[in-house]
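Working through the structure, step by step
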Amino acid sequence: MTTELDKTPCDILHGVGPKLSSLLAKRCIYTLQDLLFHLPFRYLDRTHLTVLRDVRAGDYVAIEGIIESHRVSRGPKGSLICELKDASGYIILRFFHFNAEQMRHLSVGTGLRCFGEVRHGYQGLEIIHPEYLHLTPGRALDVDDHLTPIYPSTEGISQFQWRRLSDQALALLAQGAVLGDHLLPMHDKFSLPYLSEALHYVHRPPPNADRLQLLAGVHPMQQRLALEELLAHQLGLSRLRRALQSMQAPKLGDAEKLTQQFLAQLPFALTRAQEKVLSEIRADISRSEPMLRLLQGDVGSGKTVVAALSLLQAVANGYQSAIMAPTEILAEQHYSNLTQWFTPLGLTVAWLSGKVKAKARRETLSAIQDGSAHIIVGTHALLQEAVQFKHLALLIIDEQHRFGVDQRLALREKGLQQDYNPHQLIMTATPIPRTLAMSVYAHLDHSVIDELPPGRKPIQTIVLSNSKRDTIVTRVEEQCLLGKQAYWICPLIEDSEKLQCEAATKTYEQLSLQLPHLKIGLAHGALASKDKTEVMQAFKNGHINVLVATTVVEVGVDVPNACLMIIENAERMGLSQLHQLRGRVGRGSSESFCVLLYQVPLSDTAYQRLDVMRSTESGFIIAEKDLALRGSGELLGTRQTGIGRLRIASYTRDSALLPLVKDMAQILLSTQPLVCDALIARWLAEGLDYGQV
Ligand code: ADP
Ligand code: MG
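What you are looking at is a predicted structure, and each value in this text was computed from that prediction instead of being measured.

Another point: the site of ligand 1. Around ligand 1 lies a shell of 16 residues, among which G300, K303, T304, R456 and D558 are the nearest. Here an oxygen atom of ligand 1 and a backbone polar atom of G300 are 2.6 Å apart. S301 places a polar main-chain atom, nitrogen or oxygen, 3.4 Å from an oxygen atom of ligand 1. Contact with the protein chains hides 82% of the accessible area of ligand 1, taken as 560 Å² for the molecule alone. Residue composition of the shell around ligand 1, grouped by class: five nonpolar, six polar and five charged.

As structure tokens, then:
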């Protein structure tokens, strides 16, 4: 019987027991197919030996020699130092960790072949913890006939084990085990390497392979694999779109009267760009196919009003509409805006977050269920089982980069319970470069607000070393005494909200001491929601001069009188995040400043990144640069969204493949449904979100 690699668990291989199986599972490697798609990220050259005279610091080398001397250095943690010699020179091998047996095996006179990276040591060139093999006199060891792959690993699996595993899987493949080459139908039209050829090459490149290309991940054999993965994602998203659009959504006709009333009370006229996207949305929601639209608009471009007018149209047609935001502060801001706009029109806006408890919660839930709540605003609490909409027609998700795909679909299913599917609008202020957006959000139509409301003043951005902090404190004081307000953003502490809140508290105390004449406020994630609201409200009303905050103010907060934004340790933040933060100022009539404080020493790249902030205010330029400097993962926040989570391809590195991917996807979708199924099953197994709709 032929072995099907996608159905064969790794534990049929030699050396794989329960322990290794579970370690592999940690890296989502369950089958031999998974193992073969676990690709090396680096290659070492062990295809030839270097004589010791030619060894240079920084090189990775394979060398041979005889141990000339061996000793343990003095000190509490002695290291084992062996001197290896060949006919041309010598080198030091240094072991920080070693045991008695190893010492015996490395005795004087022993012949060794060693592999490792050479560096400058105290006594000349050395290799720390080389891999080594013992030489038997009279018997020469072969050199490798391919480059040595280095695999991304997990604690507990050595490179030796990875190579042994992939050796076995590759051998099975060579012996005819089945791994469907789903791109075969494309071979005539686009000349592509075969799948098994590509896998053999990428796992065991021949000595003459272009190592630079391989390292950069752009070798044609690697690209063959990346192409397949990108294609699978494209197909998955197209299927998702088709599935969603085969459902029924309520047709939402014009709501002229309410719209006129709404616009009459706005203190401004819509911009041309707002009008344009609004008409795109209206055209969508007037049809019975569910809208699936991404609305991009830079910080401050006025997405909220567009959202409100869309929500209003659903309500005017007798349905409910909802808007969900990723943070409590942002959701509250929407709640306060929408209440202010909609209450005079006789509409009821309901508020739901995880912090709404007991009686208030019960009342809100029943208002949502019986339809007396027209517009529902909330955080992801809207997704909880207890929330039952009477008839949800439109769902708007603000700043969706912070939500998981699963969450989005969960809310959609709530609509489904009533036999129809709500229209969906996803709003984001993270400007995504066009090609990237077309691929990652291939299932969505795109609208862009490409113009800011009139009258915005440019923001002056200053990049300063932290050592100038006191000067900035003085500057803040001067401005605040003139009636201005300031944000003071504390360092981002990766993965620890608690530490971040502590840091903010410390800064708050310090600034309170330094600025006794000013009123300082503190907002961070650990505050009770009531306290947070109070602080934000006090800041908005001008009762607080300086708001010390963690990045919680990043999204949505709108306080026009605030014209100073100080960001500490700006080098730790992504450009898009800095852009969001900076967008909190420059909303009023006075000149605004954004000060980016950094900790020295600052790397060149870090400096370049901050300099981008200084040189432009355009979110799109910033996004392009961010993409170039950091890669797509950060920009898309894929860690959170799961969408676009790629195993081997990269939207940045492989962006040149995207047009090809689009063409292929079109051909396959119309002519090869089974191939589409197979590709989706292979690459999106965990991304059931795409397929199961
Ligand atoms: P974002 O797109 O970042 O969510 P907001 O919707 O919060 O932006 O709008 C930012 C600010 O611009 C708000 O104070 C809003 O009232 C104001 N605004 C929105 N549209 C216009 C407009 N057409 N003219 C003037 N001001 C506007
Ligand atoms: Mg907003």
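Spatially, six strands are ordered β16-β21-β20-β17-β19-β18 in an open sheet, and the strand pairing comes out parallel. Strands at the two margins of the open sheet, each flanked by one partner only, are β16 (459-465) and β18 (520-523). Across the sheet, the mean angle from the axis of one strand to that of its neighbour is 20°, orientation sign disregarded. Of the strands in this sheet, β17 (485-489), β18, β19 (546-549) and β20 (562-567) touch helix α17 (residues 529-540), which is tilted by about 145° from β19. Sitting on the sheet, helix α18 (residues 575-582) touches β16, β17, β20 and β21 (592-598), and the angle it makes with β20 is about 150°.

Turning next to the pattern of salt bridges. One side chain can pair with another of opposite charge once the charged atoms of both are near each other. For the structure on display, the rule yields 26 salt bridges. For the salt bridge of R287 with D284, the shortest nitrogen-to-oxygen distance reads 3.3 Å. Connected through shared salt-bridge partners, D181, R224, E228 and R682 make up one network.

Spatial ordering of the open sheet is given by β11-β12-β10-β13-β14-β9-β15, a layout of seven strands whose pairing is parallel. Among the strands making up the open sheet, the edge pair consists of β11 (349-352) and β15 (445-449). Direction aside, neighbouring strands of the sheet carry axes that sit 20° apart on average. Bridge count for strand β9 (residues 292-297) against β15 is five bridges, and the pairing is parallel.

We now examine the domain arrangement of the protein chain. Partitioning the protein chain into domains gives domain 1 (48-143), domain 2 (256-449) and domain 3 (459-616). Domain 1 and domain 3 are separated by 54 Å when their C-alpha centres are compared.

In this section: α18. With eight of eight residues buried, α18 is to be regarded as a mostly interior element. For α18, every residue scored as buried is listed here: L575, S576, Q577, L578, H579, Q580, L581 and R582.

For the rest of this paragraph, the subject is the packing of aromatic side chains. Overall, the coordinates contain seven aromatic pairs when judged by the stated rule. Between F262 and W341, the aromatic rings sit 5.6 Å apart at their centres with planes inclined by 70°, giving edge-to-face as the arrangement. Taken together, the residues F262 in helix α8 (residues 256-265) and W341 in helix α11 (residues 328-342) connect sequence positions 79 residues apart. Residue classification places W341 among the buried positions, given a relative accessible area of 11%. Through pairs of rings, three or more aromatic residues link up here, namely F262, W341 and F342. Seen from the ring of F115, R46 lies directly overhead, with NZ or CZ sitting 3.8 Å from the centre.

So, on to the packing of helix α9 (residues 272-285) against helix α10 (residues 303-316). Viewed as axis vectors pointing N to C, α9 and α10 meet at an angle of 30°, and their least axial separation amounts to 10 Å. One way to sum up the angle between α9 and α10 is to call them roughly parallel. Considering only the axes of α9 and α10, their crossing is right-handed. Of the residues in α10, those touching α9 at Q274, V277, L278, I281, R282 and I285 are V305, V306, L309, S310 and Q313. Within the contact of α9 with α10, the residues separate by chemical class into seven nonpolar, three polar and one charged.

What follows is about helix α1 (residues 18-26). Owing to its 3.6 residues per turn, the α-helix aligns residues three or four sequence positions apart on the same side. Buried within α1 are the following residues: L20, L23 and L24. What you see down the axis of α1 is that its buried residues fit within an arc of 100°, all on one side. With respect to the buried face of α1, the exposed residues turned more than 90 degrees away are P18 and K26. Elements in contact with the buried residues of α1: α4 (159-174). Just past α1, the residue C28 takes up positive phi, approximately 60°.

Okay, the state of the cysteines next. What is meant by a disulfide is a covalent connection between two cysteines, made through their sulfur atoms. Tallied over the entire structure, the rule returns zero disulfides. The closest cysteine sulfur to the non-disulfide-bonded C10 is located on C28, 12 Å from its own sulfur. The exposure class of C10 is buried, given its relative accessible area of 4%.

The subject of this paragraph is the environment of S238. Among the secondary structure elements, S238 is positioned in helix α7 (residues 220-245). The class of S238 is buried, set by a relative accessible area of 18%. Spatially, the C-alpha atoms of S238 and A665 are 8.7 Å apart, while their sequence positions differ by 427 residues.

Keep in mind that most residues, glycine aside, have a negative phi and that most peptide bonds are trans. Here the residue pair V600 and P601 is connected by a cis peptide bond, since its omega of -5° sits within 30 degrees of zero. Tracing the backbone through its elements, the reader meets P601 in the loop between β21 and α19 (604-615). The phi torsion at C28 lies on the positive side, around 60°, for a residue other than glycine. Tracing the chain through its elements places C28 in the loop between α1 and α2 (32-36). A residue is classified by how much of its surface remains accessible, and C28, at 39% relative accessible area, is partly exposed. With phi around 50°, N569 is a residue other than glycine that occupies positive phi space. Tracing the chain through its elements places N569 in the loop between β20 and α18.

For the rest of this paragraph, the subject is the nonpolar core. Core analysis: the largest hydrophobic core is formed by 132 residues, its most contacted members being F262, L338 and F342. Element by element, the count of residues in this core is highest for α7, at eleven residues. Excluding residues that lie within four positions of it along the chain, L338 makes contacts with A308, L311, I323, T343, V349, I375 and V377. Counting residues in hydrophobic clusters, the runner-up holds 34 residues, among them A538, M565, M573 and L602.

Parameters and conventions
- Residues numbered from 1 in each chain as written.
- Chains lettered and ligands numbered in written order.
- Predicted model: local features only at pLDDT ≥ 70, side-chain atom pairs only at ≥ 80, totals over all residues.
- Heavy atoms only, no water.
- Near = heavy atom within 4 Å.
- Polar contact = N/O pair within 3.5 Å; in protein donor to acceptor, adjacent residues only side chain to side chain.
- Areas by Shrake-Rupley, 256 points an atom, 1.4 Å probe, with all protein chains shown as cover.
- Nonpolar A, V, L, I, M, F, W, Y, C, P; charged D, E, K, R; others polar.
- Pairing = 2+ DSSP bridges.
- Helix = DSSP H or I, 4+ residues; strand = E, 2+ residues; numbered from the N terminus.
- Axes fitted to C-alpha atoms, helices over the stretch in contact; angles between N-to-C directions.
- Contact = heavy atoms within 4.5 Å.
- Salt bridge = Lys/Arg side-chain N within 4 Å of Asp/Glu carboxyl O.
- Domains from an automatic or database assignment.
- Buried < 20%, exposed > 50% of the residue type's maximum accessible area, 1.4 Å probe, protein only.
- Phe/Tyr/Trp six-rings, centres within 6.5 Å; stacked < 30°, edge-to-face > 60°.
- Lys NZ or Arg CZ within 6 Å of the ring centre and 35° of its normal.
- Parallel < 35°, antiparallel > 145°, perpendicular 65-115°, else oblique.
- Left-handed = near helix turned anticlockwise from the far one by under 90°.
- Arc of directions from axis to C-beta.
- Disulfide = S-S within 2.5 Å.
- Core = buried A, V, L, I, M, F, W, Y, C linked by side-chain atoms within 4.5 Å.

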